[in-house]
Amino acid sequence: MPAIVASDLDRTLIYSAGALMLDGTDAEAPLLTVAEVYNGAPLSYLTRDAEDGLERLAERGVFVPVTTRTVAQYRRVRLPRAPHDWAVTTNGGVILHRGEPDADWTATVAARLEHACAPLAEIEALVPRPGDHPAFLRLNHAEELFVYAIIDRANLPADELSALTDACEARGWTVSLQGRKLYLVPSPLTKSAAIAEIAARTGADRVVAAGDSLLDLDLLRYADAAIRPAHGELHDAGITLPHLEVTAARGVMAGQEIVERLVAAVDAPVVAAPVAP
Ligand SMILES: [Mg+2]
């Protein structure tokens, strides 16, 4: 069976204008494709070369997008040859099979979470309400599985963030800060569990993965070979693993490099030697 290429989207494959990190002159900037439109305006981008690489991966039927986005947020992302046979949203809470949620997986996730961690309402109660704290601007629910706050980082002292993180971890939840979004996610709700399910159903015997944040770490650990960009939460934490490569580039050019490495990993299915960060 072919490998599964499981990749996170935001700040791994697609980038907002503020996350492009383009080095060099404007005249040398790569050609970009709009990957997401929100309220009528472009929101996320990838390079045209990255788009071509994703087209190749999709053509082979091996590419599985894996995101913490909700289903609605995921459906705004325009990638070549979508809908793919398989995709994972909601941090592993939803498996999309040919674009539609898989009911069996939804039931499995609900059963697994029921006694494994504190309920959503208990975690929500730990988060300051918008208006009560200058850092917390909005609180959103994701498929009733987890919550994420839109925050003003400048107004969130490090000790308050670590106190909230500790309180959540004590209740079996994971906290991940990505740009202006603070995610509070049940620890058993993982991208790797959903990918393991897809691998079992498709008979895939090898998983190559890419991701940039703490919420991707379980997937990178689970994979046979993995890649992360030289930016983001994992990079800032200095995360290394024996089978984890780190890109030379950062920003949207790291996204292009990740696609190139994923294509190469499928073309020549040999686990690459790890590259020191
Ligand atoms: Mg990401």
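Data block above holds the structure.
Worth saying up front: this structure is predicted, and the values here are computed from it rather than measured. (Residues numbered from 1 in each chain as written. Predicted model: local features only at pLDDT ≥ 70, side-chain atom pairs only at ≥ 80, totals over all residues. Heavy atoms only, no water.)

Engineer: Mind laying out the layout of surface pockets, listing which residues take part and the relevant values?
Structural biologist: Size it by volume and the largest pocket reaches roughly 800 Å³. Around the largest pocket, the lining comprises 28 residues; the ones closest to its centre are Asp10, Leu43, Arg69, Lys181 and Tyr183. Put simply, the parts of the chain that give the lining of the largest pocket at least two residues each are β2 (15–16), β3 (32–38), β4 (41–47), β9 (136–142), β10 (146–151) and β12 (181–186). Among the residues making up the lining of the largest pocket, the classes are represented as 7 nonpolar, 10 polar and 11 charged. (1 Å grid on protein atoms, 1.4 Å probe; cavity = no way out; pocket = protein on both sides within 12 Å on 5 of 7 lines; lining within 4 Å. Points joined across faces, edges and corners; volume = space filled by probe spheres on them. Helix = DSSP H or I, 4+ residues; strand = E, 2+ residues; numbered from the N terminus. Nonpolar A, V, L, I, M, F, W, Y, C, P; charged D, E, K, R; others polar.)

Engineer: Would you mind going over the packing of aromatic side chains in detail, with residue names and values included?
Structural biologist: Counting across every chain of the model gives 2 aromatic pairs. An angle of 35° between the planes, with centres 5.5 Å apart, marks the rings of tyrosine 148 and tyrosine 183 as tilted. You can see tyrosine 148 sitting in strand β10 and its partner tyrosine 183 sitting in strand β12, a full 35 residues away along the chain. Members of the aromatic cluster, joined through ring pairs, are Phe146, Tyr148 and Tyr183. (Phe/Tyr/Trp six-rings, centres within 6.5 Å; stacked < 30°, edge-to-face > 60°.)

Engineer: How would you summarise the coordination of the magnesium ion if you had to cite specific residues and measurements?
Structural biologist: Within the protein, the magnesium ion binds to Asp8 (OD), Asp10 (O) and Asp212 (OD); these donor distances fall in the range 2.1 to 2.2 Å. Considered as a linear motif, the donors of the magnesium ion on their single chain read D-x1-D-x201-D. Of this pair, aspartate 8 sits in the loop between β1 (4–7) and β2 while aspartate 212 sits in the loop between β13 (207–210) and α7 (217–222), and the two are 204 residues apart along the sequence. The class for aspartate 8 is buried, based on a relative accessible area of 5%. Looking at aspartate 212, the relative accessible area reads 3%, which means it is buried. (Donors = N, O, S within 2.8 Å, 3.2 Å for Na, K, Ca; no water. Buried < 20%, exposed > 50% of the residue type's maximum accessible area, 1.4 Å probe, protein only.)

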